[in-house]
Amino acid sequence: MSVPIEGRVTLKVATSLDGKIALANGKSQWITNALSRQCVHHIRAEHDVIVTGVGTVLSDDPQLNVRGLEGSDQPARAVIDTHGRTPLDAKIFSSAESPCYLFTGPLQAERRADYEARGAVVIECPIQEGRVSLTTVVERLRERGMDAIMIEAGGALAASGLKTGLVTHIEWFRAPIILGGDGLNVIADLGLVEIAQAAHFQRVQSQAAGSDLWESYIYQDTPSCSQDL
Ligand SMILES: NC(=O)c1ccc[n+]([C@@H]2O[C@H](COP(=O)([O-])OP(=O)(O)OC[C@H]3O[C@@H](n4cnc5c(N)ncnc54)[C@H](OP(=O)(O)O)[C@@H]3O)[C@@H](O)[C@H]2O)c1
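For the structure given in this document, a descriptive report is provided here. The structure presented is a predicted model; accordingly, all values stated were derived computationally and were not measured.

## With respect to the pattern of salt bridges
- The final tally for this structure, using the stated rule, is six salt bridges.
- With its nearest N and O atoms 2.6 Å apart, the salt bridge here joins Arg 44 to Glu 152. In this pair, Arg 44 is assigned in helix α1 (residues 34–45) and Glu 152 in the loop between β9 (149–151) and α5 (155–163), connecting sequence segments 108 residues apart.
- Its salt-bridge partner being Arg 112, residue Glu 124 comes within 2.8 Å of it at the nearest N-O pair. In this pair, Glu 124 is assigned in strand β6 (residues 120–124) and Arg 112 in helix α3 (residues 109–117), connecting sequence segments twelve residues apart.

Now the structure itself:
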(Lines give C-alpha, C1' and ligand atoms only; values in the text may rest on other atoms or scores of the structure.)
Protein backbone atom coordinates (compact mmCIF):
# COMPACT_ATOMS: atom_id res chain seq x y z
CA MET A 1 0.00 0.00 0.00
CA SER A 2 1.45 3.35 -1.00
CA VAL A 3 0.54 6.46 0.98
CA PRO A 4 1.98 9.88 0.10
CA ILE A 5 4.46 11.17 2.67
CA GLU A 6 2.61 14.51 2.84
CA GLY A 7 0.10 14.66 5.65
CA ARG A 8 1.75 11.88 7.60
CA VAL A 9 2.12 11.78 11.33
CA THR A 10 4.59 8.96 11.92
CA LEU A 11 5.15 7.56 15.39
CA LYS A 12 8.57 5.93 15.68
CA VAL A 13 9.26 3.68 18.63
CA ALA A 14 12.16 1.49 19.67
CA THR A 15 11.21 -1.13 22.22
CA SER A 16 12.09 -4.41 23.84
CA LEU A 17 10.09 -7.48 22.83
CA ASP A 18 7.69 -6.73 25.69
CA GLY A 19 7.03 -3.15 24.54
CA LYS A 20 9.26 -1.31 27.02
CA ILE A 21 11.32 1.79 26.19
CA ALA A 22 13.40 2.11 29.34
CA LEU A 23 14.18 0.52 32.66
CA ALA A 24 12.29 1.69 35.73
CA ASN A 25 15.34 3.81 36.63
CA GLY A 26 15.01 5.63 33.28
CA LYS A 27 18.02 4.01 31.57
CA SER A 28 17.17 3.55 27.90
CA GLN A 29 20.30 3.78 25.73
CA TRP A 30 20.50 1.71 23.59
CA ILE A 31 17.61 -0.71 23.39
CA THR A 32 17.87 -1.34 19.65
CA ASN A 33 21.00 -1.99 17.60
CA ALA A 34 23.15 0.28 15.41
CA LEU A 35 21.46 -0.88 12.20
CA SER A 36 18.02 0.03 13.57
CA ARG A 37 19.32 3.43 14.56
CA GLN A 38 20.74 3.92 11.07
CA CYS A 39 17.29 3.10 9.62
CA VAL A 40 15.81 5.74 11.93
CA HIS A 41 18.06 8.38 10.36
CA HIS A 42 16.69 7.44 6.93
CA ILE A 43 13.13 7.73 8.24
CA ARG A 44 13.89 11.11 9.84
CA ALA A 45 15.23 12.33 6.50
CA GLU A 46 11.82 11.62 4.90
CA HIS A 47 10.04 13.95 7.31
CA ASP A 48 9.78 17.73 7.59
CA VAL A 49 9.93 17.87 11.37
CA ILE A 50 10.74 15.59 14.31
CA VAL A 51 8.54 16.24 17.35
CA THR A 52 9.39 15.22 20.88
CA GLY A 53 8.23 15.88 24.44
CA VAL A 54 10.14 17.62 27.20
CA GLY A 55 10.32 14.27 29.05
CA THR A 56 12.59 12.88 26.33
CA VAL A 57 14.71 16.05 26.25
CA LEU A 58 15.21 15.88 30.02
CA SER A 59 16.11 12.19 30.07
CA ASP A 60 18.01 11.69 26.78
CA ASP A 61 19.09 15.19 25.61
CA PRO A 62 18.69 14.14 21.94
CA GLN A 63 19.68 16.15 18.86
CA LEU A 64 16.99 14.57 16.65
CA ASN A 65 18.88 15.47 13.48
CA VAL A 66 19.89 13.26 10.56
CA ARG A 67 23.38 11.84 10.90
CA GLY A 68 25.40 9.61 8.59
CA LEU A 69 23.47 10.46 5.41
CA GLU A 70 25.53 12.78 3.27
CA GLY A 71 23.58 15.48 1.43
CA SER A 72 20.35 14.71 3.25
CA ASP A 73 17.93 17.50 4.15
CA GLN A 74 17.73 18.19 7.85
CA PRO A 75 14.21 18.13 9.28
CA ALA A 76 13.18 20.81 11.73
CA ARG A 77 12.89 19.78 15.38
CA ALA A 78 10.07 20.60 17.77
CA VAL A 79 9.79 20.18 21.54
CA ILE A 80 6.45 20.29 23.34
CA ASP A 81 7.13 21.75 26.74
CA THR A 82 4.20 23.36 28.53
CA HIS A 83 6.16 25.03 31.32
CA GLY A 84 9.50 25.83 29.66
CA ARG A 85 11.44 23.08 31.45
CA THR A 86 13.78 22.44 28.50
CA PRO A 87 17.31 23.31 29.67
CA LEU A 88 18.90 26.20 27.79
CA ASP A 89 21.94 24.05 27.05
CA ALA A 90 19.88 21.19 25.57
CA LYS A 91 21.59 19.68 22.52
CA ILE A 92 18.44 20.15 20.48
CA PHE A 93 19.30 23.88 20.29
CA SER A 94 22.88 23.22 19.21
CA SER A 95 22.21 22.22 15.60
CA ALA A 96 22.02 25.33 13.44
CA GLU A 97 21.19 23.33 10.29
CA SER A 98 17.43 23.49 10.81
CA PRO A 99 15.01 25.38 13.04
CA CYS A 100 14.06 24.17 16.48
CA TYR A 101 10.50 25.03 17.53
CA LEU A 102 9.56 25.15 21.19
CA PHE A 103 5.82 24.80 21.82
CA THR A 104 5.01 26.09 25.27
CA GLY A 105 2.20 27.50 27.34
CA PRO A 106 2.44 31.19 28.30
CA LEU A 107 6.07 31.93 29.22
CA GLN A 108 7.69 34.74 31.15
CA ALA A 109 9.21 37.23 28.69
CA GLU A 110 12.70 36.63 30.11
CA ARG A 111 12.48 32.85 29.69
CA ARG A 112 11.19 33.28 26.16
CA ALA A 113 14.07 35.64 25.34
CA ASP A 114 16.56 33.11 26.73
CA TYR A 115 15.21 30.41 24.40
CA GLU A 116 15.20 32.79 21.44
CA ALA A 117 18.82 33.67 22.20
CA ARG A 118 19.56 29.94 21.83
CA GLY A 119 18.00 30.07 18.36
CA ALA A 120 14.66 28.49 19.26
CA VAL A 121 11.43 29.60 17.59
CA VAL A 122 9.09 29.87 20.56
CA ILE A 123 5.41 29.29 19.86
CA GLU A 124 3.19 29.93 22.86
CA CYS A 125 -0.06 27.95 22.76
CA PRO A 126 -3.21 27.82 24.83
CA ILE A 127 -3.13 25.13 27.53
CA GLN A 128 -5.77 22.42 27.34
CA GLU A 129 -6.18 19.93 30.19
CA GLY A 130 -2.94 21.20 31.73
CA ARG A 131 -0.81 20.77 28.59
CA VAL A 132 -0.11 22.10 25.15
CA SER A 133 -2.38 20.17 22.81
CA LEU A 134 -0.67 17.98 20.24
CA THR A 135 -3.45 18.80 17.79
CA THR A 136 -2.58 22.50 18.08
CA VAL A 137 1.11 21.71 17.54
CA VAL A 138 0.35 19.71 14.38
CA GLU A 139 -1.88 22.54 13.10
CA ARG A 140 0.83 25.15 13.74
CA LEU A 141 3.48 23.01 12.02
CA ARG A 142 1.23 22.47 8.99
CA GLU A 143 0.56 26.22 8.80
CA ARG A 144 4.32 26.57 8.37
CA GLY A 145 4.39 24.02 5.56
CA MET A 146 5.54 21.01 7.57
CA ASP A 147 3.25 18.19 6.48
CA ALA A 148 5.34 15.10 7.12
CA ILE A 149 5.61 14.98 10.90
CA MET A 150 7.49 12.37 12.91
CA ILE A 151 6.99 11.85 16.64
CA GLU A 152 9.97 10.46 18.53
CA ALA A 153 8.99 10.68 22.16
CA GLY A 154 8.29 8.80 25.32
CA GLY A 155 5.07 7.10 26.33
CA ALA A 156 3.22 10.31 27.25
CA LEU A 157 3.40 12.05 23.87
CA ALA A 158 3.03 8.74 22.01
CA ALA A 159 -0.23 8.19 23.91
CA SER A 160 -1.40 11.70 23.00
CA GLY A 161 -0.68 10.96 19.34
CA LEU A 162 -2.90 7.89 19.49
CA LYS A 163 -5.63 9.41 21.67
CA THR A 164 -6.02 12.36 19.34
CA GLY A 165 -6.17 10.06 16.31
CA LEU A 166 -3.34 12.01 14.67
CA VAL A 167 -0.98 9.06 14.12
CA THR A 168 -1.24 7.73 10.57
CA HIS A 169 1.93 5.60 10.51
CA ILE A 170 4.00 3.66 13.03
CA GLU A 171 7.64 2.63 12.55
CA TRP A 172 8.33 0.04 15.25
CA PHE A 173 11.83 -1.24 16.00
CA ARG A 174 11.89 -4.20 18.36
CA ALA A 175 14.98 -5.63 20.01
CA PRO A 176 15.07 -9.26 21.16
CA ILE A 177 15.33 -8.38 24.84
CA ILE A 178 12.84 -8.44 27.69
CA LEU A 179 12.79 -5.56 30.19
CA GLY A 180 9.91 -6.70 32.40
CA GLY A 181 6.84 -5.17 33.93
CA ASP A 182 8.79 -2.55 35.88
CA GLY A 183 10.10 -1.07 32.61
CA LEU A 184 8.54 2.06 31.06
CA ASN A 185 5.70 1.40 28.63
CA VAL A 186 6.04 2.56 25.04
CA ILE A 187 2.51 4.01 25.19
CA ALA A 188 1.17 5.59 28.40
CA ASP A 189 -2.37 4.98 29.57
CA LEU A 190 -5.08 5.39 26.93
CA GLY A 191 -8.06 4.84 29.24
CA LEU A 192 -9.82 2.43 26.89
CA VAL A 193 -12.75 0.45 28.25
CA GLU A 194 -13.67 -1.57 25.15
CA ILE A 195 -11.36 -3.41 22.73
CA ALA A 196 -13.43 -1.86 19.94
CA GLN A 197 -12.06 1.55 20.98
CA ALA A 198 -8.48 0.50 20.18
CA ALA A 199 -6.84 2.13 17.16
CA HIS A 200 -6.15 -0.44 14.44
CA PHE A 201 -3.07 -0.49 12.26
CA GLN A 202 -2.21 -2.65 9.28
CA ARG A 203 1.32 -4.01 9.00
CA VAL A 204 2.71 -3.06 5.58
CA GLN A 205 6.34 -4.00 6.02
CA SER A 206 8.41 -6.27 8.23
CA GLN A 207 12.13 -6.89 7.97
CA ALA A 208 15.15 -7.80 10.03
CA ALA A 209 17.49 -5.01 11.07
CA GLY A 210 20.30 -7.29 12.21
CA SER A 211 18.97 -9.01 15.29
CA ASP A 212 16.13 -6.44 15.63
CA LEU A 213 12.81 -6.44 13.83
CA TRP A 214 11.57 -3.33 11.95
CA GLU A 215 7.85 -3.22 11.26
CA SER A 216 5.86 -0.46 9.52
CA TYR A 217 2.16 0.07 10.13
CA ILE A 218 -0.51 2.29 8.59
CA TYR A 219 -3.64 3.40 10.41
CA GLN A 220 -6.62 1.36 9.36
CA ASP A 221 -9.96 3.11 9.52
CA THR A 222 -12.11 0.02 8.98
CA PRO A 223 -10.31 -2.91 10.59
CA SER A 224 -11.02 -6.41 9.31
CA CYS A 225 -8.74 -8.29 11.72
CA SER A 226 -11.38 -8.35 14.48
CA GLN A 227 -13.18 -10.95 12.33
CA ASP A 228 -10.11 -13.23 12.28
CA LEU A 229 -10.19 -16.42 14.32
N1 LIG B 1 12.59 3.98 22.82
C2 LIG B 1 12.02 5.03 22.25
O3 LIG B 1 11.50 4.95 21.14
C4 LIG B 1 12.02 6.33 23.02
C5 LIG B 1 11.94 7.53 22.33
C6 LIG B 1 11.93 8.71 23.08
C7 LIG B 1 11.99 8.66 24.48
N8 LIG B 1 12.09 7.47 25.11
C9 LIG B 1 12.13 7.39 26.58
O10 LIG B 1 10.93 7.92 27.09
C11 LIG B 1 11.14 8.35 28.43
C12 LIG B 1 10.46 9.70 28.64
O13 LIG B 1 9.09 9.49 28.55
P14 LIG B 1 8.06 10.68 28.73
O15 LIG B 1 6.70 10.09 28.52
O16 LIG B 1 8.35 11.44 29.97
O17 LIG B 1 8.51 11.63 27.51
P18 LIG B 1 7.78 12.50 26.39
O19 LIG B 1 6.52 11.84 25.90
O20 LIG B 1 8.84 12.76 25.39
O21 LIG B 1 7.43 13.85 27.13
C22 LIG B 1 6.33 13.92 27.97
C23 LIG B 1 6.14 15.34 28.44
O24 LIG B 1 5.79 16.18 27.34
C25 LIG B 1 4.99 17.24 27.84
N26 LIG B 1 3.78 17.41 27.03
C27 LIG B 1 3.32 18.60 26.61
N28 LIG B 1 2.20 18.45 25.93
C29 LIG B 1 1.91 17.14 25.92
C30 LIG B 1 0.86 16.39 25.37
N31 LIG B 1 -0.14 16.95 24.68
N32 LIG B 1 0.85 15.06 25.55
C33 LIG B 1 1.86 14.46 26.22
N34 LIG B 1 2.89 15.11 26.77
C35 LIG B 1 2.93 16.46 26.61
C36 LIG B 1 4.61 16.89 29.26
O37 LIG B 1 5.37 17.72 30.13
P38 LIG B 1 4.78 19.18 30.50
O39 LIG B 1 3.42 18.92 31.09
O40 LIG B 1 5.76 19.75 31.43
O41 LIG B 1 4.69 19.90 29.22
C42 LIG B 1 5.02 15.44 29.42
O43 LIG B 1 5.43 15.12 30.73
C44 LIG B 1 12.64 8.39 28.63
O45 LIG B 1 13.03 7.29 29.41
C46 LIG B 1 13.19 8.24 27.22
O47 LIG B 1 14.44 7.58 27.21
C48 LIG B 1 12.11 6.30 24.40
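From this point, things continue past the structure.
## With respect to the site of the ligand
- Taken together, 28 residues form the shell around the ligand, and within it Ala 14, Thr 56, Asp 60, Thr 82 and Ser 160 come nearest.
- Between the ligand and Ala 156, the relevant distance is 3.0 Å, taken from an oxygen atom to a main-chain nitrogen or oxygen of the residue.
- Separating an oxygen atom of the ligand from a backbone N or O atom of Leu 157 is a distance of 2.9 Å.
- Protein chains shield 86% of the accessible area of the ligand, which is 920 Å² for the free molecule.

## Things to note about the nonpolar core
- Formed by 34 residues in total, the largest nonpolar core has its most connected members in Leu 11, Val 51, Phe 103 and Leu 141.
- Where this core is concerned, the elements lending two or more residues are β1 (9–16), β3 (49–53), β4 (76–80), β5 (100–104), α4 (134–143), β9, α5 and β10 (169–175).
- Setting aside residues up to four positions removed in sequence, Phe 103 forms contacts with Ala 78, Val 79, Ile 80, Asp 81, Thr 82, Ile 123, Cys 125, Val 132, Val 137, Arg 140 and Leu 141.

## Section: the pairing of strand β12 (residues 201–209)
- Note: β12 against strand β13 (residues 212–219), eight bridges, orientation antiparallel. By the bridge assignment for β13, Ala 208 is matched with Leu 213.
- Connecting β12 to the antiparallel partner β13 that follows it, the hairpin turn spans two residues, and Gly 210 within it adopts a positive phi of roughly 60 degrees.

## Topic: the environment of Gly 155
- When you line up the elements, Gly 155 lands in helix α5.
- Considered as a pair, Gly 155 and Ile 21 are 134 residues apart in the sequence and their alpha carbons are 8.2 Å apart.
- In this structure Gly 155 touches Ile 21, Asn 185, Val 186, Ile 187 and Ala 188, once residues within four positions along its chain are discounted.

## Things to note about the pairing of β5
- Of all five residues making up β5, five are buried, and the element is well covered by its neighbours.
- Across the two faces of β5 the burial is the same, with Cys 100, Leu 102 and Thr 104 and Tyr 101 and Phe 103 all buried.
- Pairing between β4 and β5: four bridges, direction parallel. Among the inter-strand pairings, Arg 77 is bridged to a residue of β5, identified as Cys 100.

## Here we look at the side chain of Thr 32
- As for its position among the elements, Thr 32 is in the loop between β2 (20–22) and α1.
- A relative accessible area of 9% places Thr 32 in the buried class.
- Excluding anything up to four places from it in sequence, Thr 32 contacts Ala 14, Thr 15, Arg 37, Phe 173, Arg 174, Ala 175 and Asp 212.

## Focus on the packing of aromatic side chains
- Enumeration according to the criterion identifies four aromatic pairs in this entry.
- Centre to centre, the rings of Phe 93 and Tyr 115 are 5.8 Å apart; their planes meet at 50 degrees, and the pair counts as tilted. Here Phe 93 is found in the loop between β4 and β5, whereas its partner Tyr 115 is found in helix α3, with 22 residues between them in sequence. Take Phe 93 and Tyr 115: they sit in the same class, and that class is buried.

## Considering α5
- For α5, the full list of buried residues reads Gly 155, Leu 157, Ala 158, Ala 159, Gly 161 and Leu 162.
- Among the residues trailing α5, Gly 165 stands out with phi positive, at a value near 75 degrees.

## Structural notes on the layout of surface pockets
- Considering only enclosed or pocket space, the largest pocket measures out at about 840 Å³ in volume.
- Lys 12, Ser 28, Trp 30, Thr 56 and Asp 60 are the residues nearest the centre of the largest pocket, which is lined by 32 residues in total.
- Among the secondary structure elements, those contributing two or more residues to the lining of the largest pocket are β1, β2, α1, α2 (54–60) and β11 (184–185).
- In terms of residue class, the lining of the largest pocket is made up of twelve nonpolar, twelve polar and eight charged.
- Size it by volume and the second largest pocket reaches roughly 590 Å³.
- Around the second largest pocket, the lining comprises 25 residues; the ones closest to its centre are Arg 131, Val 132, Ala 156, Leu 157 and Ser 160.
- Taken together, the elements giving at least two residues each to the lining of the second largest pocket come down to α2, β8 (131–132), α4 and α5.
- By residue number, the principal contributor to the lining of the second largest pocket is α5, which donates five residues.

Conventions adopted
- Residues numbered from 1 in each chain as written.
- Predicted model: local features only at pLDDT ≥ 70, side-chain atom pairs only at ≥ 80, totals over all residues.
- Heavy atoms only, no water.
- Salt bridge = Lys/Arg side-chain N within 4 Å of Asp/Glu carboxyl O.
- Helix = DSSP H or I, 4+ residues; strand = E, 2+ residues; numbered from the N terminus.
- Near = heavy atom within 4 Å.
- Polar contact = N/O pair within 3.5 Å; in protein donor to acceptor, adjacent residues only side chain to side chain.
- Areas by Shrake-Rupley, 256 points an atom, 1.4 Å probe, with all protein chains shown as cover.
- Core = buried A, V, L, I, M, F, W, Y, C linked by side-chain atoms within 4.5 Å.
- Buried < 20%, exposed > 50% of the residue type's maximum accessible area, 1.4 Å probe, protein only.
- Contact = heavy atoms within 4.5 Å.
- Pairing = 2+ DSSP bridges.
- Phe/Tyr/Trp six-rings, centres within 6.5 Å; stacked < 30°, edge-to-face > 60°.
- 1 Å grid on protein atoms, 1.4 Å probe; cavity = no way out; pocket = protein on both sides within 12 Å on 5 of 7 lines; lining within 4 Å.
- Points joined across faces, edges and corners; volume = space filled by probe spheres on them.
- Nonpolar A, V, L, I, M, F, W, Y, C, P; charged D, E, K, R; others polar.

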